[in-house]
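# Structure at a glance
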Amino acid sequence: MASVYDRHVDLNQFMEGVKKRNPGQTEFIQAVQEVAQDIFDFIEDKEEYHHAQILRRIVEPDRVVSFRVCWEDDNHNIRVQRGWRVQCNNAIGPYKGGIRFHPSVTESVLKFLAFEQTFKNSLTGLPMGGGKGGANFNPKGKSDAEVMRFCQSFMTELYRHIGPDTDVPAGDIGVGGREIGYMFGQYKRIVNRWEGVLTGKGLEYGGSAMRPEATGYGAVYFLRNMLQHRGMDIEGHTAVVSGSGNVATHAAEKITQLGGKVLTLSDSGGFIHDPDGLDQEKIDWVKHLKNVKRGRISEYCDHFTNASYHGDGARPWKVSADLALPCATQNELDEEDAKALVENGVKAVSEGANMPTTLEGVHVFQDANVMYAPGKAANAGGVAVSGLEMSQNSERISWNHGRLGDMLTELMEGIHGKCVEFGDQGNGHVDYVKGANIAGFKKVADAMLAFGVV
Ligand code: NDP
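The shown structure was predicted, so the numbers you read here are calculated from the model rather than taken from an experiment. (Residues numbered from 1 in each chain as written. Predicted model: local features only at pLDDT ≥ 70, side-chain atom pairs only at ≥ 80, totals over all residues. Heavy atoms only, no water.)

### Quick word on the sheet that holds strand β4 (residues 129-135)
How we decide: Paired strands, as defined in this entry, are two strands with at least two bridges between them according to DSSP. Going along the chain from the N terminus, every DSSP run of H or I of four or more residues is numbered as a helix, and every run of E of two or more is numbered as a strand. To obtain each axis, a line is fitted to C-alpha atoms, and for helices this fit is confined to the stretch in contact; angles are then taken between N-to-C directions over 0 to 180 degrees. Contacts are residue-level and defined by heavy atoms, with any inter-residue pair within 4.5 Å sufficient.
Reading across from one edge, β1-β2-β4-β3-β5 is the order of the five strands in this open sheet, with mixed pairing throughout. Strands at the two margins of the open sheet, each flanked by one partner only, are β1 (63-72) and β5 (167-170). Direction aside, neighbouring strands of the sheet carry axes that sit 20° apart on average. Across four bridges, the pairing between strand β3 (residues 95-101) and β5 is parallel. In the strand pairing of β5, Gly97 is matched with Pro169. Packing of helix α5 (residues 107-123) onto the sheet brings it into contact with β1, β2 (78-89), β3 and β4, and relative to β4 it is tilted by some 155°.

### A word on the domain arrangement of the protein
In plain terms, the rule: Domain start and end points were adopted from an automatic or database domain assignment. Two parts lose some accessible area (1.4 Å probe) when they are put together, and adding that loss for both gives the buried area. Salt-bridge detection follows one rule: a side-chain nitrogen of Lys or Arg within 4 Å of a carboxyl oxygen of Asp or Glu. In protein, a polar contact means a hydrogen-donor-capable atom and an acceptor-capable atom, both N or O and within 3.5 Å, with residues adjacent in sequence counting only if both atoms are side-chain atoms; elsewhere, any N or O pair within 3.5 Å suffices. Only Asp, Glu, Lys and Arg are considered charged in this grouping, and only Ala, Val, Leu, Ile, Met, Phe, Trp, Tyr, Cys and Pro are considered nonpolar; every other residue, Gly among them, is considered polar.
For the protein, the domain assignment lists domain 1 (2-58), domain 2 (63-195) and domain 3 (212-373). Distance between the C-alpha centres of domain 1 and domain 3: 33 Å. Opposite the five residues of domain 1 that make contact, domain 3 presents five residues. Both faces considered, domain 1 and domain 3 share a buried interface measuring about 460 Å² in area, 62% of it formed by carbon and sulfur atoms. Of all residues in domain 1, Glu27, Gln30 and Glu34 give up the largest surface area on contact with domain 3, accounting jointly for 85% of the area buried on that side. Counting the contacts that link domain 1 with domain 3 gives zero salt bridges. Inspection of the region where domain 1 meets domain 3 yields one residue pair in polar contact (both at pLDDT 80 or more). Tallied by class, the residues present in the side of domain 1 that touches domain 3 amount to one nonpolar, two polar and two charged.

### What to know about the environment of His229
This is how the line gets drawn: Each residue's exposure class comes from its accessible area (1.4 Å probe, protein chains only) as a fraction of the maximum for that residue type: buried when under 20%, exposed when over 50%, partly exposed otherwise.
Along the polypeptide, His229 turns up in helix α8 (residues 211-229). His229 sits in the partly exposed class, given a relative accessible area of 41%. Sequence-wise, His229 and Ser108 are 121 residues apart; in three dimensions their C-alpha atoms are separated by 36 Å. Excluding residues within four positions of it along the chain, His229 makes contact with His416, Val420, Val430 and Tyr432.

### A closer look at the sheet that holds strand β12 (residues 371-373)
The pairing of strands in a sheet comes from backbone hydrogen bonds and takes either a parallel or an antiparallel form. In spatial order, the strands read β9-β8-β7-β6-β10-β11-β12; together these seven strands make up an open sheet with mixed pairing. Every other strand in the sheet has two partners, leaving β9 (308-310) and β12 as the edge strands with one partner each. Shown here is a sheet whose adjacent strand axes are inclined to one another by a mean of 15°, direction ignored. In terms of strand pairing, strand β6 (residues 238-241) meets strand β10 (residues 323-325) through three bridges, oriented parallel. Paired with Val241 across the bridge in β10 is Leu325.

### A short note on the environment of Ser242
Note that Ser242 resides in the loop between β6 and α9 (246-257). Once the C-alpha coordinates of Ser242 and Lys293 are considered, the two residues, 51 residues apart in sequence, prove to be 20 Å apart. Engagement of the side chain of Ser242 in a polar contact is seen with the backbone nitrogen of Cys327, the distance being 2.9 Å.

### Things to note about helix α12 (residues 335-343)
For the record, the criterion: By construction, the arc corresponds to the directions joining the helix axis to the C-beta atoms.
Every buried residue of α12 is listed here: Asp337, Ala338, Ala340 and Leu341. The buried residues of α12 occupy an angular sector of 160° when the element is viewed end-on, so they sit on one face. Exposed side chains of α12 directed beyond 90 degrees from the buried face belong to Glu336 and Glu343. Turning to α12, the residues buried within the fold contact β6, β10 and α13 (359-367).

### Let's talk about the side chain of Glu195
Here Glu195 is to be found in the loop between α7 (177-191) and α8. Given a relative accessible area of 13%, Glu195 falls into the buried group. For Glu195, the side chain forms a polar contact with the side chain of Arg193, separated by 2.9 Å.

### Let's talk about the packing of aromatic side chains
Counted only if it meets this: For Phe, Tyr and Trp, where Trp contributes only its six-membered ring, two rings pair if their centres lie within 6.5 Å, and the inter-plane angle classes them as stacked under 30 degrees, edge-to-face over 60, or tilted in between.
Under the criterion given, the structure shown has 23 aromatic pairs. Relative to Phe119, the ring of Phe115 has its centre 5.1 Å away and its plane inclined at 65°; by these criteria the two rings are edge-to-face. Of this pair, Phe115 and Phe119 both sit in helix α5, four residues apart, roughly one helical turn. Residue Phe119 is classed as buried on the basis of its relative accessible area of 2%. Both rings, one in Tyr217 and one in Tyr221, keep their centres 6.5 Å apart while their planes meet at 70°; by these two values the pair is edge-to-face. Of this pair, Tyr217 and Tyr221 both sit in helix α8, separated by four residues, roughly a single helical turn. Both residues of the pair, Tyr217 and Tyr221, belong to the buried class. Site record: aromatic cluster; members linked through ring pairs are Phe67, Trp71, Phe101, Phe137, Phe150 and Phe154.

This is how it looks when you write it as structure tokens:
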């Protein structure tokens, strides 16, 4: 049995070590497993990475901060939540990654997200390290005042761990413009400085045009790049989309603008199937429902009566379509779902969410030669525009929508190009998982090598 200090442990021994050091952290272990195989193959003959133990170091976050968040609800009950910030790796720039407020948030979930974020941010080509944070707080059903009090309490601890050159959080599930506003206000009040410490800010106070759209649009641009690489396009194709939040609604919007037909949207209660397709008016209606009324997707069918609602947490993957965009949450598309999509002739899958497809599901797509873009590549448009928001804040300027749209298109093309460079199988097929893993890893690992043993 090789010692953990052997330079050449095999993949199984390596993963055993990861499991031992992170007991019960299933999401984190899954995320490491997903990249480890590709990285092992890539570094096999590269002694410098083995010698420096880069792989062991990269799976160990720089730090994990965990803290208590107390707040008072509208009935004067004192509530206690747990908050975290995971600072995974800052080799190539300040930590950067969203904040998630959802009852399912755990340290394992945030470690997986921060780990993925490290590779994703590297892929964008911008100087950003990887981090992620959040709390097991459920904003659903809370009044604005309750959400404000929670955000203020959360930031009262978080502020000491972040800064425009240290760690720059953004939004994620459960954290949109309202929550970013409350947190930014509290940060500014505590430090008495206006600085670009959060991205996803409102346009009135330093936010970037295009940021709300960037993740969803970017996932569709990546999808288009994949299709065009094989001589196809989005126009005339049907798509199933999951989720009905920021990423899902903007992905649906861009598919529609490019001549595709979106058939589904979902939330944690179930999904709607609209055989007529969602046009801009229907998408705007859903945005209003989710962002302003904070309602449920089932209400869509009361308004658009040709559509059907499938409840009990049903997912849309059995609806026949050419394209699939999982845009809700992790592990929402499993092996059986992937098989159903393949049987129905799906051509390409682009992940708007982070790790929405289980490992088994990914293998189904790969075995069927379906074009499959992992979230770390396909949804990198959001963090890329966040990187551009940081640049605009530093320079005290703001770029317009058109210019940022062009930059986003170019950035996604660049990421697609890197995936092809490292993932081309030489038979017309591109392994986008491998391409994204290796391209993302190489830049971070080379920076770590330059720093010596730190
Ligand atoms: P939102 O909070 O705006 O929307 C999340 C959507 O996913 C909602 O429709 C929500 O439904 C649904 N959802 C959440 N949890 C579950 C669950 N357990 N089962 C089924 N559906 C669920 O989040 P975003 O759109 O911002 O984020 C969606 C995904 O995209 C996440 O994986 C996030 O990490 C990823 N992402 C987001 C980026 C961004 O810029 N916002 C950037 C890169 C990735 P319900 O209302 O019922 O909870």
